[in-house]
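Remarks on the overall topology
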Amino acid sequence: MSGFREWRGHRPFAGGLLLVLGGAEILLTMKAPLPVILKIGMQGLAGYLLPSLMVLCGLLILFNPTQRLFYSILGIMLSLGTWLTSNIGGFIVGLLLGAVGSVLAFGWLPDQEPRPKRSARRREKHAVELG
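Quick caveat: nothing in here was measured; it's all calculated off a predicted structure.

1. Points about the nonpolar core
In terms of nonpolar packing, the biggest core is built from 9 residues, these being L19, I26, L50, M54, C57, I61, Y71, L78 and A105. Secondary structure elements with two or more residues in this core: α2 (13–30), α3 (42–63) and α4 (68–85). Of the residues forming this core, the biggest block, 4 residues, is contributed by α3.

Below you can see the structure in the form of structure tokens.
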């Protein structure tokens, strides 16, 4: 399990995962029985294209973190575009997941030291208090 933890620590994992989940949620709500928007022509195509590109951007953030700035900016624009094209952004949930994921990916710093575990911080604090 430490291999996955190390892999996850070298990329904006939470941001990419939230962007993927936001796009997937919007794609699922496109199949919802509620006709919230009228899907005619290009708008119907955009309703499937934008969340698919959100999923792709999230996966690219996970597997190519060096280009995270471009993918996160593209991800936030796609997330906001789903407000008009995809059932009000997947009933707002997918839009928020995509936007938060994009912001987390944009703000991630690659050369930052990983945070120590909470239990290690408690032990260190306890050792300092004792002596």
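2. Some thoughts on the side chain of S72
Inspection of the secondary structure assignment puts S72 in helix α4. Judged by relative accessible area, which is 2%, S72 ranks as buried. Only 3.0 Å separates the side chain of S72 from the backbone oxygen of L69, close enough to count as a polar contact. Beyond its immediate stretch of four places on either side in the chain, S72 contacts I61, S102, A105 and F106.

3. Some points on α2
The end-to-end C-alpha distance of α2, which contains 18 residues, comes to 26 Å, matching closely the 26 Å that a straight helix rising 1.5 Å per residue would cover. Along α2, the residues that are buried comprise F13, G15, G16, L19, V20, G22, G23, E25, I26, T29 and M30.

4. What about the packing of aromatic side chains?
Applying the stated rule across the entire model yields 5 aromatic pairs. An angle of 90 degrees between the planes, with centres 5.7 Å apart, marks the rings of F4 and F13 as edge-to-face. Each ring, one from W7 and one from F13, has its centre 6.2 Å from the other, and the planes form 75 degrees; the classification is edge-to-face. Aromatic rings pair up to connect F4, W7, F13 and F63 into one cluster.

5. Thoughts on a positive patch on the surface
A contiguous patch of positive charge on the surface is contributed by R5, R8, K117 and R123. Position of K117 among the secondary structure elements: in the loop between α6 (93–107) and α7 (118–130).

6. A closer look at the packing of α2 against α6
With their axes 7 Å apart at the nearest point, α2 and α6 run at an angle of 160 degrees to one another. Overall, the two elements α2 and α6 adopt an arrangement that is roughly antiparallel. Handedness of the α2/α6 crossing: left-handed. The segment α2 lies against α6, with A14, G15, L18, L19, L21, G22, E25 and I26 engaging V93, G94, L95, L97, G98, V100, G101, S102, L104 and A105.

Analysis parameters
Residues numbered from 1 in each chain as written. Predicted model: local features only at pLDDT ≥ 70, side-chain atom pairs only at ≥ 80, totals over all residues. Heavy atoms only, no water. Core = buried A, V, L, I, M, F, W, Y, C linked by side-chain atoms within 4.5 Å. Buried < 20%, exposed > 50% of the residue type's maximum accessible area, 1.4 Å probe, protein only. Helix = DSSP H or I, 4+ residues; strand = E, 2+ residues; numbered from the N terminus. Polar contact = N/O pair within 3.5 Å; in protein donor to acceptor, adjacent residues only side chain to side chain. Contact = heavy atoms within 4.5 Å. Expected span 1.5 Å × (residues − 1). Phe/Tyr/Trp six-rings, centres within 6.5 Å; stacked < 30°, edge-to-face > 60°. Patch = residues over 30% accessible without salt bridge, like charges linked within 9 Å, V, L, I, M, F, W, Y side chains within 5 Å. Areas by Shrake-Rupley, 256 points an atom, 1.4 Å probe, with all protein chains shown as cover. Salt bridge = Lys/Arg side-chain N within 4 Å of Asp/Glu carboxyl O. Lys, Arg positive; Asp, Glu negative; His and termini not counted. Charge placed at Lys NZ, Arg CZ, Asp CG, Glu CD. Axes fitted to C-alpha atoms, helices over the stretch in contact; angles between N-to-C directions. Parallel < 35°, antiparallel > 145°, perpendicular 65-115°, else oblique. Left-handed = near helix turned anticlockwise from the far one by under 90°.

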